[in-house]
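Chain and residue survey
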Amino acid sequence: MSMELHALFRPIQASGRVASYRYAERLPAAPLRPYVSCYWTSEPAEPYRETAPLAARKGIDRVVPDGCSDFIFACDAGANRVNVRYCGIYDEPFAIEHDDRPVRSFGIRFFPGGAYPLLKASLAEFAGRAFSLDELLPGGAGTVAERLFAQPSFERQAEVADRFLMSRLEKNGRPDDSLVSNALYRIFVAKGCGSVSELAKAETVSARQLNRVFDRWIGLGPKKFSEIVRFQNVLTVVRNGRIANGSRLAADFGYSDQAHMIREFKRFYGESPLVAAAEYAGMTDHTKLSVPIK
């Protein structure tokens, strides 16, 4: 993977709209950026109190398909319990409920293709599901979680994650990723609008071979992944409040018409672009980045 890919595709989420929780993102160390899209953190806005009103601690954030997968370290302050898991790539949206038990979370959001060198297993096996990270990385995940939640700041947590990931990459080696990197470059430049046959022809491989490579490195085939990339590009326009002309937006991203765009958007977001725009307008933290992504 190359740094150039990171600059071409910057997936976004729909987290940070719950006032009782703080959400922030931060870039990893430069050598890790070909593999990691960002680190993220979510934690209660106020210290946990057993007597705090339940309504004040409830809310829902959306998680939408972004082409990425995540290592998630979660600390349940009420139960004094830490959970570590790997969440494979998703192609459907879902909601996160912040209920009466406060949870501090630290996430490593892998750039498309970035998790494969660490896991050394086909990412299609993990698509749409969550797995215990202790089982996938025996003897290491629990220790990393303890170190993460012992840190006084997001910056220090990121440094712990940097060391953990770089040591894993040095141990595992870095497999040849030229085919998947080239294919990702073409998909990102086209904003997800190209066809699989065109992509395979450009890379001088068969569509079947391309599907196998994407299953292994990304977790989804190139067709579904391209659809997610296109959705993410539309979502960025929606988040930035630039949807005055829906027909033009649909044409710009290769949809047959506005109705087609709205159907696809609902499939990945769960609501229409107009609803999404209103939700982003009311979010509390979606612009808060500890290190601005330029």
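Keep in mind that what you see is a predicted model, and the values were worked out from it rather than measured.

Summing up its helical and strand segments, the protein chain has 12 helices and 8 strands in all. Residue burial in the protein chain is summarised as follows: out of 294 residues, 50% are buried. On the protein chain, roughly 13900 Å² of surface is accessible, and the fraction owed to carbon and sulfur atoms is 49%.

Okay, the sheet that holds strand E5 (residues 81-87) next. The 6 strands are arranged E1-E2-E7-E4-E5-E8 in an open sheet whose pairing can be described as antiparallel. Each edge of the sheet is formed by a strand with only one pairing partner; in this case those strands are strand E1 (21-26) and strand E8 (130-132). Direction aside, neighbouring strands of the sheet carry axes that sit 20° apart on average. Contacting strand E4 (69-76), E5 and strand E7 (103-110), helix H4 (residues 141-149) crosses the sheet at an angle of about 60° to E4.

Another point: helix H12 (residues 273-281). Buried residues of H12: Pro273, Ala276, Ala277 and Tyr280, and no others. End-on view of H12: buried residues confined to an arc of 100°, all on one side of the axis. Seen from the buried face of H12, the exposed residues on the opposite side, beyond 90 degrees, are Leu274 and Ala278. At its buried positions, H12 is contacted by helix H9 (222-239) and helix H11 (258-269).

Counted by the stated rule, this structure contains 18 aromatic pairs. With a centroid separation of 5.6 Å and 85° between ring planes, the pair formed by Phe71 and Tyr86 is classed as edge-to-face. Of the two residues, Phe71 is situated in strand E4 and Tyr86 in strand E5; the sequence distance between them amounts to 15 residues. With relative accessibility at 1%, the residue Tyr86 sits in the buried group. Ring geometry for Phe71 and Phe110: centres 4.7 Å apart, planes at 80°, overall edge-to-face. Of the two residues, Phe71 sits in strand E4 while Phe110 sits in strand E7, which places them 39 residues apart along the sequence. When its relative accessible area of 1% is taken as the criterion, Phe110 is described as buried. Among the aromatic residues, those joined into a cluster by ring pairs are Phe9, Phe111, Phe188, Phe214 and Phe225.

By the secondary structure assignment, Pro34 is in the loop between E1 and strand E2 (36-44). Residue classification places Pro34 among the buried residues on the basis of a relative accessible area of 9%. C-alpha of Pro34 to C-alpha of His6: the two residues are 28 residues apart in sequence and 6.2 Å apart in space.

As a further point, take the nonpolar core. Core analysis: the largest hydrophobic core is formed by 75 residues, its most contacted members being Tyr39, Phe71, Phe73 and Ile108. Looking at this core, the element that brings in the most residues is H9, giving 8 residues.

What follows deals with the packing of H9 against H11. In contact at an axis separation of 10 Å, H9 and H11 are set at 100° when each is read in the N-to-C sense. With respect to H11, the axis of H9 lies roughly perpendicular. When H9 is examined against H11, the residues Lys224, Glu227, Ile228, Arg230, Phe231, Val234, Leu235 and Val238 are found in contact with a partner set consisting of His260, Met261, Glu264, Phe265, Arg267, Phe268 and Tyr269. Of the residues in the contact of H9 with H11, the class split is 9 nonpolar, 1 polar and 5 charged.

Time to look at the pairing of E7. Regular strands place their side chains on alternate faces of the sheet. In terms of residue burial, E7 counts as a mostly covered element, since 6 of its 8 residues are buried. Note that E2 and E7 share 6 bridges and pair antiparallel. Across the sheet, the residue bridging to Ser42 is Ser105, located in E7. Note: E4 against E7, 8 bridges, orientation antiparallel. Bridge assignment links Phe73 to a residue of E7, and that residue is Phe106.

The next point concerns the environment of Leu123. Structurally, Leu123 is set in the loop between helix H2 (116-119) and E8. Considered as a pair, Leu123 and Ile218 are 95 residues apart in the sequence and their alpha carbons are 6.0 Å apart. Once residues within four sequence positions are removed from consideration, Leu123 is found in contact with Tyr86, Ala115, Tyr116, Asp215, Arg216, Trp217, Ile218 and Gly219.

The subject of this paragraph is the confidence of the model for the protein chain. For the protein chain, per-residue confidence averages 86 on the pLDDT scale, and residues scoring 70 or more make up 89% of the total. Under a pLDDT of 50 for its full length, residues 50-59 has, in the predicted model, 19 contacts with residues more than four places off or in other chains. Here residues 284-294 is a poorly scored stretch, pLDDT under 50, and it has 27 contacts once near neighbours within four places are set aside; other chains count.

Reading the values: the criteria
Residues numbered from 1 in each chain as written. Predicted model: local features only at pLDDT ≥ 70, side-chain atom pairs only at ≥ 80, totals over all residues. Heavy atoms only, no water. Helix = DSSP H or I, 4+ residues; strand = E, 2+ residues; numbered from the N terminus. Buried < 20%, exposed > 50% of the residue type's maximum accessible area, 1.4 Å probe, protein only. Areas by Shrake-Rupley, 256 points an atom, 1.4 Å probe, with all protein chains shown as cover. Pairing = 2+ DSSP bridges. Axes fitted to C-alpha atoms, helices over the stretch in contact; angles between N-to-C directions. Contact = heavy atoms within 4.5 Å. Arc of directions from axis to C-beta. Phe/Tyr/Trp six-rings, centres within 6.5 Å; stacked < 30°, edge-to-face > 60°. Core = buried A, V, L, I, M, F, W, Y, C linked by side-chain atoms within 4.5 Å. Parallel < 35°, antiparallel > 145°, perpendicular 65-115°, else oblique. Nonpolar A, V, L, I, M, F, W, Y, C, P; charged D, E, K, R; others polar. pLDDT = per-residue confidence, 0-100.

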